[in-house]
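So you can see what is in the structure, the chains are spelled out below.
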Amino acid sequence: MKILTLVTTVLVGHITSTQRVTAQDTGSIRSVPSDGDLNGSNFTYPFPLKTYSFNSQLQDVEMAFMDVAPTAKPNGKVAVCLHGKNFCGPTWEATARKLADIGYRVILPDQVGFCKSSKPQSYQYTLQQLSYNTKNLLQALDIENVTVIGHSLGGMTSIRFGLMFPDVIDRLVLVDPIGLEDWRALGVPYKSIDTLNAIEASSSYNSIREYEQFTYYVGHWNDSYDVWVKMLVNIYKGSAASAFAFNQALVTDMALSDPVVYEFGLLKPRTLLIVGDKDNTALGKQWSPPEVQAKLGHYDVLGKQAVAAMPNADLIEFPNLGHAPQIQEPDRFHDALLGWLSNVNTCEARF
């Protein structure tokens, strides 16, 4: 009887402990101001802001996100839009409004390490971890099926999300995703995290604008683009500047070390790849020798190669646009995106 009592006590203790861990993993959600400083960013967000607090890698972290309700008759669908490395959730504002206007609920998260989300002092960044965090956020919101839309690094993360959680995805949209090639295999030299941290910490308005003008906007500049440069500078110079620079160094190392290009054939969801053919984005290009630079970032070729490798994918190309067609030519971009989402037939088009 004593032995049975002891065993029962141990089992109850184990179950209680397990329940405690599970409860912690589900996290908690609260509303926070859309303006003012939060985790090093004082950019004012366009929709009501919330945080999803949870425990990850033995530390408490939080993801900021916006939950945009449909502004037309709800169609029962949810879209989650994942931002790129140099962007935040608000970059998707125009897209969120377009989707809400046709009945979508839209979730706009900031990933851990970015924008108004936590900047951990140390974090093992992987595309799997970012995907897992995103999936847990959706689960906390009782969302079972989503259309995933990802841009740049968010597109690369969306590919990993699609590989990990194919059963929860209705549609997968990749907007100029990075990771359409393996930069290391093409000769990009290694940079230590300490060196990457120094590069990130030196970021300024001028350096960010110069990079974005050449890569995102094909050498053109419109004053409306300034808001996104200033949003980023605000974080690099903000109250969590050092932690942000270090997190961004870790993220760059992650993307260079975690190629997805070899797994395109395993993607199950119906997929749309949107590329600006003038996009020349390639991680590590700026510190690579000229003969390596010449091989990198040819999206007019990479888009076609990627779609050919994906079993259920369509391609839309914008011949004269760069890395951010949703910002450079939003009307053309949204016409293409919404047209594809509303059409059950496959398509390949140039806009």
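For the structure itself, consult the block above.
Source: prediction; values computed, not measured.

Enquirer: Tell me what's going on with the pattern of salt bridges, and back it up with residues and numbers.
Expert: Between side chains of opposite charge, pairing is possible as soon as their charged atoms come close. Applying the stated criterion across every chain yields a total of 8 salt bridges. Among the ionic pairs, D314 bridges to R270, the shortest N-O distance being 3.0 Å. Note that D314 is positioned in strand β9 (residues 313–318) and R270 in the loop between α8 (241–257) and β8 (271–276), a separation of 44 residues in sequence. Look at the salt bridges and you will find they share partners, linking R160, D258 and E263 into a network.

Enquirer: Summarise the environment of R160; cite the residues concerned and give the values.
Expert: Along the chain, the position of R160 falls in helix α4 (residues 153–164). Here R160 falls in the buried class, since its relative accessible area comes to 6%. Taking the C-alpha atoms as reference points, R160 and E62, separated by 98 residues in sequence, lie 21 Å from one another. Beyond its immediate chain neighbours, meaning those up to four positions away, R160 contacts L127, Q128, S131, D258, P259, V260 and E263. A polar atom in the side chain of R160 sits 2.8 Å from the side chain of E263.

Enquirer: Could you give an account of the state of the cysteines, with specific residues and numbers?
Expert: Counting across every chain of the model gives 1 disulfide. One disulfide bridge connects C88 with C115, the sulfur atoms lying 2.0 Å from each other. Torsion about the S-S bond of the C88 and C115 cystine: about -90°, corresponding to left-handed handedness. Of this pair, C88 sits in the loop between β4 (78–82) and α2 (93–101) while C115 sits in the loop between β5 (105–109) and α3 (127–140), and the two are 27 residues apart along the sequence. By relative accessible area, C88 is classed as buried at 0%. A relative accessible area of 2% places C115 in the buried class. With no disulfide of its own, C81 has C88 as its nearest cysteine by sulfur position, at a separation of 14 Å.

The rules behind the values
- Residues numbered from 1 in each chain as written.
- Predicted model: local features only at pLDDT ≥ 70, side-chain atom pairs only at ≥ 80, totals over all residues.
- Heavy atoms only, no water.
- Salt bridge = Lys/Arg side-chain N within 4 Å of Asp/Glu carboxyl O.
- Helix = DSSP H or I, 4+ residues; strand = E, 2+ residues; numbered from the N terminus.
- Buried < 20%, exposed > 50% of the residue type's maximum accessible area, 1.4 Å probe, protein only.
- Contact = heavy atoms within 4.5 Å.
- Polar contact = N/O pair within 3.5 Å; in protein donor to acceptor, adjacent residues only side chain to side chain.
- Disulfide = S-S within 2.5 Å.

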